[in-house]
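Structure at a glance
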Amino acid sequence: MIDLKPSSSNGFVWLVGAGPGAADLITVRGLKLLQDAEAVVYDELVNRALLDNCPAKCELHAVGKRAGSHSASQGEINDLLVSLAKAGRRVVRLKGGDPMVFGRAGEEIEALRAAGLPFAIVPGVTAATASGAVAELPLTHRDYSSAVIFITGHQCAANTSALDWGALAKLRATLCFYMGVRRLPEIARNLLGHGMSADMPLAVVSEATLPTQLVLIGTLRDAEKLSAGLAGQPALVVIGEVVRLSSFATDLPQLHAQAITR
Ligand SMILES: C[S@@+](CC[C@H](N)C(=O)[O-])C[C@H]1O[C@@H](n2cnc3c(N)ncnc32)[C@H](O)[C@@H]1O
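Notes on the structure in this doc start here. Here the structure is a predicted model, which is why all the values come from computation and not from measurement.

Attention shifts here to the sheet that holds strand β4 (residues 90-95). Ordered in space as β3-β2-β4-β1-β5, the 5 strands form an open sheet in which the pairing is parallel. Because the sheet does not close on itself, it has two edges, and the strands there are β3 (59-62) and β5 (119-122). Between one strand axis and the next, the sheet turns by 15° as a mean value, whatever way the strands run. In the sheet, strand β1 (residues 12-17) pairs with β4 via 6 bridges, with the strands oriented parallel.

This part covers the sheet that holds strand β10 (residues 235-239). Remark on secondary structure: sheet strands pair via backbone hydrogen bonds, oriented parallel or antiparallel. With mixed pairing, the 5 strands of this open sheet are ordered in space as β6-β7-β10-β8-β9. Each having just a single partner strand, β6 (147-152) and β9 (214-219) make up the two edges of the open sheet. Going from strand to strand, the sheet's axes swing by 20° on average, the running direction of each strand aside. Inspection of the sheet shows strand β8 (residues 201-206) paired to β9 by 6 bridges, in the antiparallel sense. Note on β9: the bridge partner recorded for S206 is L214. Its contacts with the sheet place helix α6 (residues 184-193) against β7 (173-178), β8 and β10, and it is angled at close to 15° to β10.

With that settled, the discussion passes to the nonpolar core. Proteins that are soluble and globular tend to have nonpolar side chains buried together. Among the nonpolar cores identified, the biggest contains 24 residues, and L175, F177, L191, M196, V204, L220 and I239 are the most heavily contacted of them. If you list the elements that add at least two residues to this core, you get α5 (165-170), β7, α6, β8, α7 (223-228) and β10. No other element matches the 4 residues that α6 contributes to this core. In this structure, L220 is in contact with A188, L191, L192, M196, S197, A198, M200, L202 and I239, ignoring residues within four places of it in sequence.

Our focus in this paragraph is helix α2 (residues 74-86). Given a rise of 1.5 Å per residue, 13 residues ought to cover 18 Å, and the 18 Å separating the end C-alpha atoms of α2 matches this to within 8%. Positive phi appears at G88, one or two residues downstream of α2, with a value of about 90°.

Taken together, F102, V148, F150 and M179 make up a surface patch of nonpolar side chains, about 310 Å² in accessible area. With respect to the helices and strands, the residue F150 is situated in strand β6.

Let's shift gears to the pattern of salt bridges. Under the criterion given, the structure shown has 13 salt bridges. The salt bridge involving R221 is made with D199; its shortest N-O contact spans 2.5 Å. A residue pair is termed long-range when its members are at least 10 positions apart, and R221 in the loop between β9 and α7 and D199 in the loop between α6 and β8 qualify at 22 residues. By relative accessible area, R221 is classed as exposed at 56%. Residue E241 pairs with R244 through a salt bridge whose shortest N-O separation is 2.8 Å. The exposure class of E241 is partly exposed, given its relative accessible area of 26%. R244 sits in the buried class, given a relative accessible area of 8%. Because the salt bridges share partners, they merge into one network encompassing D43, R93, K95 and E108.

Rules and cut-offs
Residues numbered from 1 in each chain as written. Predicted model: local features only at pLDDT ≥ 70, side-chain atom pairs only at ≥ 80, totals over all residues. Heavy atoms only, no water. Pairing = 2+ DSSP bridges. Helix = DSSP H or I, 4+ residues; strand = E, 2+ residues; numbered from the N terminus. Axes fitted to C-alpha atoms, helices over the stretch in contact; angles between N-to-C directions. Contact = heavy atoms within 4.5 Å. Core = buried A, V, L, I, M, F, W, Y, C linked by side-chain atoms within 4.5 Å. Buried < 20%, exposed > 50% of the residue type's maximum accessible area, 1.4 Å probe, protein only. Expected span 1.5 Å × (residues − 1). Patch = residues over 30% accessible without salt bridge, like charges linked within 9 Å, V, L, I, M, F, W, Y side chains within 5 Å. Areas by Shrake-Rupley, 256 points an atom, 1.4 Å probe, with all protein chains shown as cover. Salt bridge = Lys/Arg side-chain N within 4 Å of Asp/Glu carboxyl O.

This is the structure:
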């Protein structure tokens, strides 16, 4: 059982996953912590409706990037967390999805450790599992995919990528690219260049779990078109045979009847 009011003259920082978008996809533990928070430091992708659960006196700090305005640097966020906790506050650091997946939790943990401040992590539903759910495609399947790989699209530029594309192209795995839509043409070129079939299906799931969610399905051949079809919404790219199992993959050749019969 988590102690929601740990005794310490310093405060306490919980790094809490807000989930992928829908406000009711936060965990029960995350919700209880919000209801008891004295300060909340939240990112841009966090559903604002979650903040309605905070007590009236709770300090709210927005630190995310907004179109046209400056976002706080990671150093500024670390300093804010440290100063709030040193002032004795119960702090919730609310992050989109899961804090430990492309959420810079590592840097914040390091800053809290260095300051000798207590903290705990509360996991959340990450974009990849949310996207699998809304596109109705299993990320693993014992016949088609025995691994799931979370990859950042920021590492996917054609000439600078440190990724082992040969390995990614050959593994019997589902590849989930976060922040990858803009880079989708380069991702496709890299995978095709390392032997992946142009018929490999891919799904782009944008704003998963929100009323505006969208699922686009195609193959590596359609990478340019799918990438151009979205303008800045958070979206996840899923590449792998399992995409054929999605209820939305009606135009793709199916793997075999048994796998898709429900
Ligand atoms: C900085 S990463 C944060 C990931 C987050 N920590 C998580 O676990 O989902 C932001 C990226 O996550 C993906 N993402 C976040 N929310 C999403 C959603 N509702 N639908 C699809 N992709 C999403 C997008 O690729 C977005 O650019």
